[in-house]
Structure formats: C-alpha cells, structure tokens
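Overview (structure and organization)
This is what each chain is made of:
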Amino acid sequence: MRDLKGYAPGRESGWLRDMVILAVVLGFPFLQFLGGLPLIDPDEGRYAEIPREMLEQGDFITPTLNYVKYFEKPPLLYWLNAASLKLSGLTEQAARFPSALCGLLTILATYIIARRLYGRRTALLAALVLGTSAGFVLQSRIILTDMLLTFCLTAALGAFIMASQREGRRSTPLPWCAFYLFSALAVLAKGLIGIVFPAGIIFFYLLLGGRWKLLREMRIATGLALFLAIAAPWFVAVSLRNPGFAHFFFIHEHFERFTSTVHGRYQPFWFFVPVLAATMLPWSFFIPGALTRAWRDRHHDDNLAGLYLLVWTVLIFLFFSKSNSKLVPYILPIFPPLAILIANRIEGVLDGHGRELKLASILLGITLTILGVAGLAYTRLPELANLLAGSIPSLSDPLHQFINNAPPISTAAGTVVAVLFLIQGIAALASAGYNPLRMVVALCLCSFLLEIFIPRLIMVPIAQAESPRRLALQARSLAGPQTRIVTFGPQQAVSWYTQRRIMVTDKPDELEFGSKQGDQSAWFPDQKALLRMWAGDTPVLVFLKKGELDHLLPLLHPNPRIAGESGNRRLISNR
C-alpha cells in the first residue's frame with residue numbers, strides 16, 4: 001500500500017509519464033494481432049468495404065456499400081478507415097486500427113478526467129479498470145462506430161466537467177472549445193445522439209446539482225458556431241447531392257430505430273443488465289456500490305463530480321434500454337464514467353480493510369470460479385455430453401446438436417482461459433474484506449492476460465469459421481472479368497476480399513435503400529433471374545450456406561460444381 005501511495009504523491013506531477021506508461025502497457029492488448037483475424041460480417045465487412053469504395057471512387061461525401069448508396073451512419077469512421085487503408089494498404093490491420101486506437105485514447109481520456117476530478121491514484125486505477133475490462137478491449141478490436149462514438153463522447157463530456165470545475169474563476173476557453181469540438185465529432189461518428197447525450201446529461205446535471213450559473217460560462221454562441229462549422233458541412237453536402245438522404249437518415253435511422261422494431265433488433269428492457277455485467281467483468285460487480293456511493297455523497301461533493309458521472313451513466317443506460325433497437329456495443333459510452341466511479345470507490349477503501357467491497361468480492365469470486373470450472377468442462381465437452389446422454393437419453397440429440405454448433409476451441413486455449421478465471425475467483429474470495437489491493441492486482445493481471453490470449457487462442461477459430469475470407473479469396477482467383485459473383489443476402493466481406501461489386505439475391509437487408517436508388521435490378525436478382533443467369537453462358541460463382549444449397553440444388557441446371565467449402569459455407573460454380 002505504501003508503494004502505491006508513493007507512486008501518487010501529488011495532483012500536478014507525472015502526467016506525461018503516466019500517460020506514456022499507460023499507452024505502452026495497456027496499448028498492447030488493443031493493438032496486438034489486429035491483422036491476425038479475418039473480417040467478420042456484417043459489421044467488419046461493412047465498415048471496411050465502405051472506405052475501400054470511397055478510395056476507389058474518390059467520393060468522400062456519398063457513402064456506398066457494394067456500390068449502392070448507404071446512409072445508415074455518418075462518415076467519420078469511414079474517413080478514418082479510408083486514411084488508414086490509404087497509408088497502410090488494404091489489410092485487416094489497417095481496417096481495424098482506427099477503432100482500436102479510439103479504445104486506447106478513451107483510456108487516456110478517462111485517466112485525464114479522473115485525475116482532474118479525484119487525483120492521481122484514482123486516475124491510475126480508473127485507467128486500469130477500463131483497460132482490463134475485457135469486453136471493452138475486445139470490442140475495440142472490432143470495426144464499430146460505437147468505439148469512435150465512445151471516445152468522442154468521453155472527450156466532450158470530460159471537457160465539460162473539467163471546464164465546470166473552474167466556475168466563478170477566470171477560465172481558459174480551451175476546455176469549452178474541446179467540448180463543442182468533440183460533440184460535433186460525436187455527431188459525425190453516429191448521428192444525433194452525439195449532441196442528444198451531452199445536452200441531456202448536462203441538463204440533468206445542472207438540474208440536480210443546481211448549477212444553472214454554468215450556462216453563463218459555457219460560451220454557447222461561439223461554441224455553437226464551432227459545433228456547426230464542424231458537424232454541418234457534410235450533412236449539407238450529402239443532402240444536396242442526395243435528396244432522399246434527410247428522410248432516411250433522420251426519420252428512418254433515428255426516430256424509427258428508437259421507437260419501433262423496424263431493424264429487427266428488439267430486446268427486453270433489461271437486456272443491457274446482463275450485457276454490462278458480462279462485458280465489464282471483472283469489475284461489473286462493483287458497479288452497484290459505486291453508483292450508490294456517488295448518489296449518497298452528492299451533498300458532500302463540492303464539485304458534484306460523482307453526480308455528473310452518475311447522470312452520464314444512468315441517462316445513456318436508460319436511453320438504450322428504452323430503445324426498441326438494442327445491440328451489445330451500444331452501452332460502450334458508459335464504461336469510462338463507470339471506471340472512474342469504481343476506481344474512486346476502490347481508492348476509498350484501500351487504506352482500510354475493504355469491508356465495503358466484501359459482498360461484491362464474494363459474489364465476484366463465486367462467479368469467476370464458476371466460469372473457470374465451466375471453462376475446464378468446455379474442454380471436455382464431447383465426453384461430458386456422452387456421459388449426460390448416457391444418463392438421460394432424451395438429451396442426446398440436443399447435446400450433440402449443441403456440440404456441432406459450439407465454437408471450436410482447443411483444449412489448451414480453454415484451459416488457459418479457465419485457469420485465469422479460477423485465479424481471479426480464488427483471489428477475490430481469499431481477499432474479500434481483508435486485502436483489496438491484492439485482489440485488485442490479481443484481477444488486473446489476469447484480465448490483462450485474458451485480453452492478450454483471447455484474440456489468439458479463442459477468436460482465431462471462431463473468426464475463421466464465421467468469415468468468408470477463404471472462399472472469397474478463392475472466388476477472386478477463379479473469377480474472370482465476365483464472371484458474376486452472387487451472395488445470398490449481403491456479405492460485405494466478400495466485396496472487400498474480391499474488391500469488386502457483388503450481386504445479391506434473396507433479402508437485400510441493409511442494402512434495401514440503396515437497391516431502390518435508380519435501376520439496380522441487375523445487381524439484385526430474384527430466384528428466377530438467378531436461375532436464368534446460372535443456365536446461361538456467363539460464368540457464375542455463388543456463395544451460400546449448406547441448407548440454402550440443399551434447397552436450391554434441384555433447380556440448378558447444369559449441376560453445380562463445388563468450388564470451395566468453409567464451415568457451413570459453400571462456393572459453387574456453373575462452370
């Protein structure tokens with residue numbers, strides 16, 4: 001304990017050193033092995049293919065996906081990915097780098113915010129908590145708009161609370177400029193929530209904290225001018241070029257996404273409770289106590305920092321819980337404030353015996369131990385299934401079906417992950433209420449190792465089974481200039497790996513809007529058109545799943561040649 005306190009002697013020293021160390025150490029799980037996995041549809045294929053087409057066509061205003069207009073998201077991630085691809089080439093590593101970098105920058109932003117609000121030790125703990133939340137790190141390694149949004153919102157909301165701490169004193173305009181700048185970038189990252197969230201969080205913070213005087217210091221006029229100068233030009237330009245953009249983007253992609261199940265992403269209201277518990281492991285068990293303490297101490301906090309972080313967390317969580325469109329990455333923006341609140345609570349008990357953390361530590365230890373045992377059992381899944389099937393014959397078919405569909409994980413990989421969970425669980429149970437520092441060290445170290453091993457040991461076989469890369473590269477080598485490549489439903493990674501336009505049959509899904517812009521019928525054939533093309537003189541390659549092939553096989557003349565197989569996918573040819 002004395003050593004940790006010695007490392008945090010003052011509020012104003014060691015900023016650069018801390019950030020360099022954090023960037024180097026915590027940056028490793030973010031940036032290592034980025035190119036070691038193939039792109040997985042739909043997200044990675046989509047967000048790699050759009051910037052590739054931007055570079056190819058030289059058009060950075062109107063996004064296209066498989067060469068049809070695609071207006072579901074603003075362009076900031078596309079621009080960043082296009083710059084990365086231009087500098088480093090068309091590789092998976094270059095496509096993933098901007099998202100991973102945003103995850104790492106979010107940790108550094110969290111450190112800065114926590115240090116301004118609470119001091120150096122809490123800031124270091126907050127960075128460690130966020131950097132060892134495996135769900136946060138692993139999602140940053142996937143090409144998603146949500147990690148870019150998380151960084152922009154963290155920077156914007158952090159700039160606001162840091163600027164507000166100087167209320168009544170002579171203040172520099174820089175934090176206020178940063179607030180409006182990053183709010184505008186958040187809009188360019190994911191749309192209107194980039195301004196809805198900051199505005200809503202600030203409103204409730206001012207309301208609950210009674211700090212309405214801050215409105216006079218927010219430089220609203222100049223700030224809005226800066227905000228519009230950054231956020232508005234692309235929206236104006238794309239609207240002028242594409243008259244249907246405004247209705248689709250603002251009505252369909254915002255209002256209807258929130259109020260209806262039009263996107264087929266409905267989940268129950270409580271959906272994000274288990275999601276948060278799983279993705280913020282091992283720290284999620286400390287969330288209830290951290291939120292409770294922030295609310296309880298609001299009257300004793302002169303700067304109301306805890307209240308602000310509480311409002312930040314709760315408003316975003318409730319917003320997405322109420323939405324009829326839910327996906328796991330949506331709640332990433334609440335990870336930074338939660339990391340700070342958890343770190344502040346842990347820091348508050350490090351000098352004592354940690355009894356405030358006892359119950360949470362015990363529950364965490366039990367959960368991690370169960371996960372460890374389950375991981376060991378997973379490595380012996382076939383043997384366990386046969387044993388259960390022998391004892392309960394009615395379970396035989398469901399168990400074997402589960403084994404056939406279970407992710408292929410080697411015994412060594414499962415054992416490594418299971419042992420790390422067991423070490424964490426035992427450490428949490430052994431240290432509960434007595435030695436919180438030992439527990440924190442064990443959780444950080446094991447979680448860090450999990451983040452290193454999971455992409456290499458667990459994700460490789462899963463990604464290879466789910467990605468069309470192998471078949472797409474095979475199709476690229478087989479296809480001549482006249483060859484038509486067809487997929488059942490959009491498979492954007494096929495477009496990326498073949499670097500050409502793909503014909504899409506069956507449901508167009510996310511390409512539906514673009515498929516109706518102009519005459520795109522030749523590129524979206526129905527079954528009859530596909531069968532005519534198959535029987536014609538043009539070489540055709542079709543990507544489809546085994547079940548789709550079995551259904552289509554009686555209708556295909558001539559009989560298809562299997563050009564390639566990968567997992568459940570097939571590549572068939574009429575030549």
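Okay, so let's go over this structure.

The rules behind each value
- Residues numbered from 1 in each chain as written.
- Predicted model: local features only at pLDDT ≥ 70, side-chain atom pairs only at ≥ 80, totals over all residues.
- Heavy atoms only, no water.
- Helix = DSSP H or I, 4+ residues; strand = E, 2+ residues; numbered from the N terminus.
- Buried < 20%, exposed > 50% of the residue type's maximum accessible area, 1.4 Å probe, protein only.
- Contact = heavy atoms within 4.5 Å.
- Areas by Shrake-Rupley, 256 points an atom, 1.4 Å probe, with all protein chains shown as cover.
- Pairing = 2+ DSSP bridges.
- Axes fitted to C-alpha atoms, helices over the stretch in contact; angles between N-to-C directions.
- Parallel < 35°, antiparallel > 145°, perpendicular 65-115°, else oblique.
- Left-handed = near helix turned anticlockwise from the far one by under 90°.
- Nonpolar A, V, L, I, M, F, W, Y, C, P; charged D, E, K, R; others polar.

Overview of the overall build of the protein
Along the backbone of the protein there are 26 helices and 7 strands. The buried share among the 575 residues of the protein stands at 52%. Considering only contacts in the protein between residues 6 or more positions apart, those separated by 24 or more positions represent 75%. Surface accessibility of the protein: about 25100 Å² in total, with carbon and sulfur atoms responsible for 64%.

What about the sheet that holds strand β6 (residues 561-566)?
Where strands meet in a sheet, backbone hydrogen bonds hold them as pairs that are either parallel or antiparallel. Read from one edge of the open sheet, 5 strands run β4-β3-β5-β7-β6, paired in mixed fashion. Of all strands in the sheet, those bounded by a partner on one side alone are β4 (503-505) and β6. Geometrically, the sheet is characterised by an average inter-axis angle of 25 degrees between neighbouring strands, direction not taken into account. Both strand β5 (residues 540-545) and strand β7 (residues 569-573) contribute to a ladder of 5 bridges, which runs antiparallel. Across the sheet, V542 pairs through a bridge with I572, a residue of β7. The strands touched by helix α22 (residues 469-478) are β3 (484-488), β5, β6 and β7; relative to β6, the strand with the most contacts, the crossing angle is about 145 degrees.

Remarks on the environment of W295
Structurally, W295 is set in helix α14 (residues 287-296). In this structure W295 comes out as partly exposed when scored by relative accessible area, which is 40%. W295 sits 12 residues away from L307 along the chain, and the two C-alpha atoms are 6.3 Å apart. The residues contacting W295, other than those within four sequence positions of it, are L307 and L310.

Focus on the environment of A48
Relative to the assigned elements, A48 resides in helix α3 (residues 43-57). For the pair A48 and A95, spaced 47 residues apart in sequence, the C-alpha separation works out to 5.7 Å. Contact partners of A48, with chain neighbours within four places excluded, come to L39, L85, A95, I143 and W496.

Remarks on the packing of helix α17 (residues 358-378) against helix α20 (residues 411-431)
Direction vectors running N to C along α17 and α20 enclose 160 degrees, while the axes themselves pass 7 Å from each other. With respect to each other, α17 and α20 are oriented roughly antiparallel. You can see that α17 and α20 cross each other, and the crossing is left-handed. Counting all contacts with α17, which are made through S361, I362, L364, G365, I366, L368, T369, L371, G372, V373, G375 and L376, the residues of α20 involved are G414, T415, A418, F421, L422, Q424, G425, I426, A428 and L429. Residues belonging to the contact of α17 with α20 are distributed by class as follows: 13 nonpolar, 9 polar and no charged.

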